[in-house]
Every structure is written in structure tokens, then in C-alpha cells.
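So you can see what is in the structure, the chains are spelled out below.
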Amino acid sequence: MSLLDSTTGKQIKNYSIDELKEQANLMRGYNLVALHAAGSGHAGGTLSIMDITAALYLKVADHDPKNPSWEDRDRIIWSTGHKAPSLYLGLAFAGFCKKEDVMYLRKLYSPFQGHPHWLKLPGVELSSGSLGQGLSVSVGIALAGKLNGKSYKTFCIMGDGEQQEGNVWEAVMEAGHYKLDNIIGIVDFNRLQIDGWVKDVMNIDPLEDKYKSFGWNVVRINGHDMKQVVDTLNNAKKNTGKPLLIIADTVKGKGVSFMEDVAGWHGKTPNYDEMLKGLDELKLKDKIPYEKLLEHAKEYQKEVDKILDSKMPKFKKNYWWNSDAVMKVKMEPTRKGFGQSLAEYGDDDRVVALGLDISGSITISEFYQGKPERKKRWISMGIAEQSATAAAAGLAKEGKLPVLGTYGTFAAARNLDQIRVSVCYANVNVFIAGAHGGVSVGPDGATHQALEDLFNVCGLPNMSVVVPCDAIETKKASDYLLLKHIGPKFLRFAREATPIVTTEETPFIFGKANISRFRKETENLIDAFDTVLAEQYKDEHENLSIIACGPMVPEAMRAAYILKKDFGWETRVVNIHTLKPIDETAIIRAAKETGVVITAEEHQIGALAWRVSGVITESQELYGKPIITGAIGVKDRFGDSGAPWELVKEFEVSAEHIAKKAVELMKIIKM
């Protein structure tokens, strides 16, 4: 019956097939506007799934927009969480929320997160984003339905590339084993994933035969034929005896000619002209108030800006990056250094690079681009972090130098057991890149923001961990880890462009910290500091030390500038680019010689702070000496959608927050 008043049992509206086609088309138009307003997101897959979205939310699934938690509702699980805008528009068109509010997509404090979070928006059934988990959650929901004697159906929407995740096949086996006929799986079979055609990245066919072999019923449909979609979904609700899979053949980017069947539109959004062209092709330019919707998004952003500004510590002037005529910085994504290293040193026949579907984004594809002779040593593993990690261990055991990488959340968590047993316990020479570390991945939100990854990898015996501060240092670290360091190794770097604060001449020695000292205000920040190896540094009797790693090193340097200009204090900035093994001597000297130590990390507080505190408390050299410590980092919370630099402010990891902490600690000294 679909849209219901759960109190009376009456249907709210009964859409005809033609009306559903119209609604699906409108959803596509609103989707284009929302993606443009967000400035990031996934156009291709949100357009391919929209006909199924309209059919489910407006015609087939039983739910009540006024009672989202109605216990007898059908459950719709979006395992393919990056298609969240489609989910939000399905809810909006069904009446769960306002259509215009979907324009808050991916903005800070918005319930319309880059990947869905069920605790923020009524109607969302699952917090998702890490692919492959939704079907397992659906198994649990379906089992609960059986145990509770409920007749609801659980629809699980998945992508075709997602079928490469091993987690999916465990759930397929479980659903078949328990004959969960209250599960209806839906695969959006648009044939494309980030790295290209699914059949080329990691072939999943024959998908029908595979599901059938696990005890599922399977039907295949045209995912853009609305009558066929509705009829199939309605029949699916009558399915008994076995779980059912619907494979919906779709076109990525459906409805917008320049997006259709183009892999590059997987994680791309339209600019203003492209949005208008798309609306024109959908014949919606006069039907959707796109200017009003964009203004709605801008007004929301103004409120976000006010909140952020009120939360920022204030000093004598605005010291924010490049806001003044002096202390300018050049910004570049740290990930570029990783790709540059692979491009330069990939000729070594031992080097084998493993792709995990976001190859261009993390720059690992630089290994083979423009170098066809290396392509045989490029192994695409698809969306399968666990298997790829163990396979890398096998390659290393046979003398190869395997390199793999993905988002830090997946590179150090999803495959943690494989890293622990196959890589670290075996102590084999595997190089893992944890890309997009910290909050800088921005609008993708909590599921894609690595804020716990360093806890995982630093806790593993035999593992070495490097967290470089900028693109140049990332290149140096990658060069060393790739060909010189033997054993398990993890390199963490950011996605967003961050300040360049080192040069080719700046020292980089694995396991040895650097010290930077502010000397004078200059046109460019990089010229305002002297940087030397910590072991070569002579005590200058500074007032305090800031010990930092990764992108927090530039923030620490800017904090040192603030503290000198506003308070006259001298600051020792210690760059702990090698988190494990950590430079204990540099830490002990900083504590002993300055007496005040602040740690700064773009991570849950502790990956750096606890290691530094451990060094200080265990040092006999510091027994009996008063050491005051403070920590800057993420305060035991998950990430959020928002622009990268907004999140630096929101999560209180900016130079201003470091300087504020310094002021608090220095007050203790003066008491």
C-alpha cells in the first residue's frame, strides 16, 4: 500500500505509473541542484537509482512520514550510502522532510550528511557509507522480524561494485541458510565504479548464478522501466521460501547525456552551467525553482558561518591562513607526494601496486599512468580491502614490494585483522597508505573521516607509522618507505590541500623529529621559520613546546606565530612525522627544557598525546620535574559533513585552538 497513515491504516496517496515517472524525473532535477549546492557528492549513482527510489518510497514500501518509527513499516536499507541524496529525496517526496531542506546536503550541522546517519534524520534506517555492510544489517533486521512475528519486508539497496566486498557474500550465505524471505536485495547494476567498468576492475558476473547458488530467488529487470520496477517490487513483497534479489540494469548518470555511462561522474558534481544543462535535458528548468533553492542553501551556510565564527578563539588580529598580506602559504594536497614517489620509483620490478577503486583520488594510479610497461604490476582488487591486504602479504612473502591504499578508515579498520595477522604478525614488507586521514575529507562525513586509524596501526607490533606534514614531506616519506624500509609500514596523509611548510632541503630522517622555530614575520610563512633535526637543535629556552604530526604541524607553526605576536612567547615546534618509532629524545628534551608541552593531532586525542605522555611519564630524566601538558585533537566524537576548513574549526584543531590552550597552560605557570 506504500504511504500510509499508520493510525488509521488508510493510504495517503496512490501514485499512478505516469505520476511516478514524473516524480522520479523531479527527483533527478532536485538531485542536480542539491549536488551543485553542496559542491561535492556523487552524481552518477544517484541518478541511476532514482526510478527505484521513487517506486519504493512513493508506491511500494509501507511507511508513514508522520510516524517514521512505526514498528510495522517496511525497512529500506541503503547499503550504498554514497547515494544518500537519492535516499533524502525519496524521504522528502514522501513527506518525511522538506524538499528545499535537502539543499543543506553535506553542510555542517545538517541532517543530510554526505553518507546517511540514522540518528540525524527520521526515515533513515541505517548509518552507512563503508560499502558491503548493509546486507548484513538487513539479515539482522529480517531475523528480528521473524523472531517478533512481524510481516514487514527489508529492502536492501546495493551497488554492483559493492558486490566485490567479501562482507556481502557472508550475508548472502546467511540469508540463504536461514531462508529469510523477508529480505529483498536490490542491486543498482549501472556497470561502473570509480576506477572504471566493473567487469574490468573486478568482474562480479555471473551475479545471478552466484546468488542462486546461495539459495536466493533472482529476477533481472530494466531499472528505468517504471511499470516493470513497480510490478517487480510488488511481486517481491509476496515472495516466500527464499530471500529475493532484484538485479536492476540501469545507466549511471541516467537522464543527463554528458553524465551517462561516464565513470568520472561517480564522485563528481555539476557546476552551475552543467546543472542548468542537466535541468534543461530533464525538461525541468521551468518546473524547479533552482535559484530559490540555491539561495536557501546559501542562507543556511550563512548561519553555519556565524556559529563557527562564534566558536573560534579571538586574538589581536585575524591570523587565519592567507588572510593577511604577510605569512602567506602555498597549499597542496599531501596525497600528491605519495603519487609522485610511486611515479618516480615504480620502475623497480619488485614494486607491485594494488588498486582498491579510489586509485585516482589517493594518487596510487600515478604508479602506472603514462607508463604502460608497469601495467602488469598494477593489480586491481576492486572494493575488497580485507582480501587485498592479505594478498599483499602473500606478495611480500615472495619478495615483492606491495603497495596498497584507500581511505584511512578502510585502510586501517576494515582490514585490521588482516593487517594484524597476515602483515604484522608475519612481519612482512607491506606498504599501506591510509589516505584522506583526519577531518579533511570533509563533506563525505563520519564514515569516511579517519579519526581512529592511528590507534589501530600504532598498537600493532612490528608496524612503523609515518604521518608527514605536507606534500613535500609525504614524497620523502614515501620514497623511504617504498624502497628502503623493511617491514610493515603505514603512511597516513590528507586529502585536502594543506600548507607547504617544508622544502627539498628540509631534513627528513625516519624516526627522528624536526624542530621549527619562528624567527620573524615575513611575506611567506615558510621563510619565517628555521627547521633543523631535533638532535642538532640547541636549547633556546623557549616558553613552551608544541609537538605535532601531519597537517597539524603547519597549524602548530601558525600558533607559534600567534603566540609570539600577541604574547611575546617563544615556541618550540616539534614535528613528529614518525609516530612509530617515536623520537623519545626530542620529546624528553622539549619537556625538560620548556616545561610546557602541547600535543596537536588531527585524530581522536591520544594517538599522539598518549604516546608523548607515555614518554614523559616513563622518563627517569624527568622525575621530579614539573611538566605541564595539554592536548589538541578530536574530543571523542565521530566526524561530520562540512567543508574541510570548517571542520578544522568545528573540531577545534586549528592554530587558534592550539594558541588558546597555550594561554591556559601559561596561566598556570604564572600562578
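Above this note sits the structure.
Residues numbered from 1 in each chain as written. Predicted model: local features only at pLDDT ≥ 70, side-chain atom pairs only at ≥ 80, totals over all residues. Heavy atoms only, no water.

Undergrad: So what's going on with the overall build of the protein chain? Residues and values would help.
TA: Looking only at helices and strands, the protein chain features 23 helices and 22 strands. Structurally, the protein chain occupies a C-alpha span of about 80 × 55 × 50 Å along its principal axes. Of all 671 residues assigned to the protein chain, the portion counted as buried reaches 62%. Here the analysis covers contacts within the protein chain between residues at least 6 apart in sequence; of these, 79% occur between residues at least 24 apart. With the model as given, the accessible surface of the protein chain reaches about 25,400 Å², and the carbon-plus-sulfur share is 50%. Side-chain charges of the protein chain comprise 83 positive and 87 negative groups, with the mean position of each set lying 1 Å from the other. (Helix = DSSP H or I, 4+ residues; strand = E, 2+ residues; numbered from the N terminus. Buried < 20%, exposed > 50% of the residue type's maximum accessible area, 1.4 Å probe, protein only. Contact = heavy atoms within 4.5 Å. Areas by Shrake-Rupley, 256 points an atom, 1.4 Å probe, with all protein chains shown as cover. Lys, Arg positive; Asp, Glu negative; His and termini not counted. Charge placed at Lys NZ, Arg CZ, Asp CG, Glu CD.)

Undergrad: Run through the state of the cysteines, naming residues and quoting values.
TA: In this structure the tally under the stated criterion is zero disulfides. Counting only cysteine sulfurs, Cys-549 is the nearest neighbor of Cys-458, a cysteine outside any disulfide, at a range of 8.7 Å. For Cys-549, a relative accessible area of 4% gives the class buried. (Disulfide = S-S within 2.5 Å.)

Undergrad: Give a detailed account of empty space enclosed by the protein, specifying residues and quantitative values.
TA: For the structure on display, the rule yields four cavities of 30 Å³ or more. Residue lining of the largest cavity: 13 residues in total, with Thr-498, Pro-551, Glu-602, Trp-645 and Val-648 positioned closest to the centre. Partitioning the lining of the largest cavity into residue classes produces eight nonpolar, two polar and three charged. Here the second largest cavity defines a volume of roughly 90 Å³. For the second largest cavity, the lining is made up of 13 residues, of which Tyr-319, Trp-320, Val-326, Met-327 and Tyr-561 are closest to its centre. A per-class count over the lining of the second largest cavity returns seven nonpolar, three polar and three charged. (1 Å grid on protein atoms, 1.4 Å probe; cavity = no way out; pocket = protein on both sides within 12 Å on 5 of 7 lines; lining within 4 Å. Points joined across faces, edges and corners; volume = space filled by probe spheres on them. Nonpolar A, V, L, I, M, F, W, Y, C, P; charged D, E, K, R; others polar.)

Undergrad: Report on the nonpolar core, specifying residues and quantitative values.
TA: Core analysis: the largest hydrophobic core is formed by 119 residues, its most contacted members being Val-33, Leu-56, Tyr-88, Phe-155, Ile-186, Leu-233 and Ile-288. It is helix α1 (residues 17-38) that contributes the most residues to this core, ten residues altogether. Apart from the residues lying within four places of it in its own chain, the contact partners of Tyr-88 are Cys-97, Val-102, Leu-105, Pro-111, Phe-112, Gln-113, His-115, Pro-116, Leu-121 and Val-124. The next biggest cluster of nonpolar side chains, apart from the first, holds 47 residues, and it includes Val-428, Ile-588, Ala-590 and Ile-616. (Core = buried A, V, L, I, M, F, W, Y, C linked by side-chain atoms within 4.5 Å.)

Undergrad: Give me the side chain of Thr-406: which residues, what numbers.
TA: Relative to the elements of secondary structure, Thr-406 occurs in strand β11 (residues 401-407). The contacts of Thr-406, once residues within four sequence positions are left out, are Leu-356, Ile-358, Ile-362, Glu-385, Ala-411, Ala-433, Gly-434 and Ala-435.

Undergrad: Quick rundown of the packing of helix α14 (residues 385-397) against helix α16 (residues 416-425)? Include the residues and the values.
TA: Contact geometry for α14 and α16: axes closest at 9 Å, N-to-C directions at 10°. Compared by their axis directions, α14 and α16 come out roughly parallel. Between α14 and α16, the residues in contact are Gln-386, Thr-389, Ala-390 and Ala-393 and Gln-418, Ile-419, Ser-422 and Val-423, respectively. Of the residues assigned to the contact of α14 with α16, the class counts are four nonpolar, four polar and no charged. (Axes fitted to C-alpha atoms, helices over the stretch in contact; angles between N-to-C directions. Parallel < 35°, antiparallel > 145°, perpendicular 65-115°, else oblique.)

Undergrad: Let's hear about the pattern of salt bridges: which residues, and what values?
TA: Summed over all chains, the structure comprises 46 salt bridges. Here Lys-311 makes a salt bridge to Glu-650, at a shortest N to O gap of 2.8 Å. With Lys-311 in helix α11 (residues 290-311) and Glu-650 in helix α22 (residues 644-650), this residue pair connects regions lying 339 residues apart in the sequence. Take Lys-311: its relative accessible area is 33%, and that puts it in the partly exposed class. We note a salt bridge from Asp-324 to Lys-317, for which the minimum N-O separation is 2.7 Å. Among the residues examined, Lys-317 registers a relative accessible area of 32% and is labelled partly exposed. A single network of salt bridges, built from pairs that share partners, joins Arg-517, Arg-519, Asp-530, Asp-539, Glu-540, Glu-542, Lys-564, Glu-570, Arg-572, Arg-589 and Glu-593. (Salt bridge = Lys/Arg side-chain N within 4 Å of Asp/Glu carboxyl O.)

Undergrad: Could you give an account of the sheet that holds strand β18 (residues 544-548), naming the residues involved and the relevant values?
TA: The six strands lie next to each other as β17-β16-β19-β18-β21-β22, forming an open sheet whose pairing is mixed. The strands lining the two open edges of the sheet, one partner per strand, are β17 (529-533) and β22 (628-634). This sheet shows a mean twist of 20° between the axes of neighbouring strands, independent of strand direction. In this sheet, β22 lies alongside strand β21 (residues 596-604) in parallel orientation, the contact comprising six bridges. When the sheet's bridge partners are listed, Ile-598 is paired in β22 with Gly-630. In the packing of helix α21 (residues 609-618) onto the sheet, contacts are made with β18, β21 and β22, and the angle to β21 comes to roughly 150°. (Pairing = 2+ DSSP bridges.)

Undergrad: Tell me about the side chain of Arg-414, and please be specific about residues and values.
TA: Structurally, Arg-414 is set in helix α15 (residues 408-414). Taking relative accessible area as the criterion, Arg-414 reaches 13% and is therefore assigned buried. A polar atom in the side chain of Arg-414 sits 2.8 Å from the side chain of Ser-130. Sequence-distant contacts of Arg-414, defined by excluding residues within four places in its chain, comprise Ser-130, Leu-131, Gly-132, Gln-133, Glu-165, Asn-167, Glu-385, Gln-386 and Thr-409. (Polar contact = N/O pair within 3.5 Å; in protein donor to acceptor, adjacent residues only side chain to side chain.)

Undergrad: So what about the sheet that holds strand β3 (residues 183-189)? Which residues, and what values?
TA: Here we have five strands laid out as an open sheet, ordered β1-β2-β3-β7-β6, and parallel in their pairing. One side of each edge strand has no neighbouring strand; the edge strands of this open sheet are β1 (75-78) and β6 (217-222). The sheet shows a mean angle of 20° between the axes of neighbouring strands, taken without regard to direction. Here four bridges tie β1 to strand β2 (residues 154-159), and the two strands are oriented parallel to one another. The residue bridging Ile-77 from the neighbouring strand is Cys-156, located in β2. Seen against the sheet, helix α3 (residues 50-60) touches β1, β2, β3 and β7 (244-249) and runs at an angle of roughly 160° to β1. Strands β1, β2 and β3 of the sheet are contacted by helix α5 (residues 134-147), whose axis makes an angle of about 175° with β2.

Undergrad: Now, about the layout of surface pockets: what can you tell me, with residues and values included?
TA: The calculated volume of the second largest pocket comes to roughly 470 Å³. Contributing to the lining of the second largest pocket are 23 residues, with Ala-446, Thr-447, Gln-449, Phe-638 and Gly-639 lying nearest its centre. Contributing elements (two or more residues each) for the lining of the second largest pocket: α15 and α17 (453-458). If one sorts the elements of the lining of the second largest pocket by residue count, α15 sits on top with five residues. Among the residues forming the lining of the second largest pocket, the class breakdown is six nonpolar, twelve polar and five charged.

Undergrad: Give me the lowdown on helix α4 (residues 84-94), citing residues and values where you can.
TA: In terms of burial, α4 is a largely internal element, eleven of the eleven residues being buried. Inspection of α4 places Ala-84, Pro-85, Ser-86, Leu-87, Tyr-88, Leu-89, Gly-90, Leu-91, Ala-92, Phe-93 and Ala-94 among the buried residues, and these make up the whole buried set. Packed against the buried residues of α4 are α1, α2 (43-48), α3 and β1. Positioned one or two residues after α4, Gly-95 has a phi angle of 105°, which is positive.

Undergrad: An account of unusual backbone geometry is needed here, citing residue identities and associated values.
TA: Of note, the bond from Asp-205 into Pro-206 is cis; its omega dihedral lies within 30 degrees of zero at 0°. Mapping Pro-206 onto the fold places it in the loop between α7 (198-202) and α8 (207-213). Positive phi is not limited to glycine here, since Lys-283 has a value of about 60°. Unlike most non-glycine residues, Met-327 shows phi in positive territory, near 55°. Structurally, the position occupied by Met-327 is in the loop between α11 and β8 (331-333). Taking relative accessible area as the criterion, Met-327 reaches 5% and is therefore assigned buried.

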